[in-house]
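Results of the structural survey
These are the residues of each chain, in order.
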Amino acid sequence: GLGPGDQIVKVNGERVESLDFRSLIELLRRSRSHPVNLEILHPGKIVAQDVQLKPAEVSLPTVDKAFDFPSQKIGYIHIEGFDKKTTQEVEEALERLGSSKLQGLLLDLRNNHGGLVDSAVGVAGLFLEPGALVLTIRGRAAPEKSYQTAPAKVHFDMPLVVLVNGQTASAAELLSAAL
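Attention in this report is confined to the structure presented alongside it. (Residues numbered from 1 in each chain as written. Predicted model: local features only at pLDDT ≥ 70, side-chain atom pairs only at ≥ 80, totals over all residues. Heavy atoms only, no water.)

This paragraph deals with the side chain of Glu91. With respect to the helices and strands, the residue Glu91 is situated in helix α2 (residues 86–96). By relative accessible area, which is 11% here, Glu91 ends up buried. With residues up to four places along the chain from it excluded, the contact list for Glu91 reads Leu126, Lys153, Val154 and Phe156. (Helix = DSSP H or I, 4+ residues; strand = E, 2+ residues; numbered from the N terminus. Buried < 20%, exposed > 50% of the residue type's maximum accessible area, 1.4 Å probe, protein only. Contact = heavy atoms within 4.5 Å.)

The structure is reproduced here in structure tokens:
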């Protein structure tokens, strides 16, 4: 029932306009763990409407674009970031695109600011042989640690173009370097 131009007048009975910035942040922080009652004033209305919201974590896909160019038999996948489900999302996107019929893939990592290293290694494992070295970390205060690809359920063997730009960082850089 919320839309553009709606004004939040009260949160759990507290008027928002009377709160200073710190008090508003604290009110919102407390409201993250239990249902919240909002009083909303819609544009052009004079009586506020009560709306009850139940906080929940929103899970956004990390593979936000996947399509093919049928005439060239080329697939395109854009990975926005790396989290626990990214490897599975890439695998599912490739299967939806008909990976066995694809003659190549554009893997777009532009504007990808990274995320979980293990996830980037997992995506690399979809294209590289099992046991391929992806990353070694060495430091003065920590023991050396190597990341290798694990055997994947499905292995995709096709020509691959990886797109990067100045906003490609962290785990996305690791993946592009490994590929």
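Having seen the structure, we can now continue with the description.
Along helix α4 (residues 171–178), the residues classified as buried are Ala171, Ala172 and Leu175. One face of α4 carries all of its buried residues, which in axial projection span an arc of 105°. Looking at the buried residues of α4, the elements they touch are β7 (104–108) and α3 (117–127). (Arc of directions from axis to C-beta.)

The next point concerns the sheet that holds strand β4 (residues 49–53). Overall, antiparallel pairing links the four strands, which are arranged β2-β1-β3-β4 in an open sheet. In the strand order of this sheet, the two ends are held by β2 (14–15) and β4, each with one partner. Sheet topology note: the strand β1 (residues 7–11)/β2 ladder contains two bridges and is antiparallel. Counted as the bridge partner of Lys10 is Arg15 from β2. (Pairing = 2+ DSSP bridges.)

Pairing between side chains of opposite charge can happen when their charged atoms approach one another. Within the structure shown, the criterion is met by seven salt bridges. Arg110 is the salt-bridge partner of Asp108, the closest N and O atoms lying 2.7 Å from each other. Note on Asp108: relative accessible area 2%, which makes it buried. A salt bridge links Glu144 to Arg138; the shortest N-O distance between them is 3.0 Å. According to the relative accessible area criterion, Arg138 is exposed, its value standing at 64%. (Salt bridge = Lys/Arg side-chain N within 4 Å of Asp/Glu carboxyl O.)

Moving on: the sheet that holds strand β6 (residues 74–79). As summarised here, the arrangement of the four strands in space is β5-β6-β7-β10, forming an open sheet in which the pairing is mixed. Only two strands of the sheet have a single neighbouring strand rather than two, namely β5 (63–69) and β10 (160–163). Between one strand axis and the next, the sheet turns by 15° as a mean value, whatever way the strands run. Where β6 meets β7, five bridges bridge the pair, whose relative direction is parallel. Looking at β7, one finds that Ile77 is bridged to Leu107. (Axes fitted to C-alpha atoms, helices over the stretch in contact; angles between N-to-C directions.)

Attention now moves to the packing of α3 against α4. For the pair α3 and α4, interaxial distance at closest approach is 9 Å and the crossing angle is 25°. One element, α3, and the other, α4, form an angle in the roughly parallel class. Taken as a pair, α3 and α4 cross one another with a handedness that is right-handed. Between α3, through Val117, Ala120, Val123 and Ala124, and α4, the contact on the second element is made entirely by Ala171, Leu174 and Leu175. Along the lines of polarity and charge, the residues of the contact of α3 with α4 split into seven nonpolar, no polar and no charged. (Parallel < 35°, antiparallel > 145°, perpendicular 65-115°, else oblique. Left-handed = near helix turned anticlockwise from the far one by under 90°. Nonpolar A, V, L, I, M, F, W, Y, C, P; charged D, E, K, R; others polar.)

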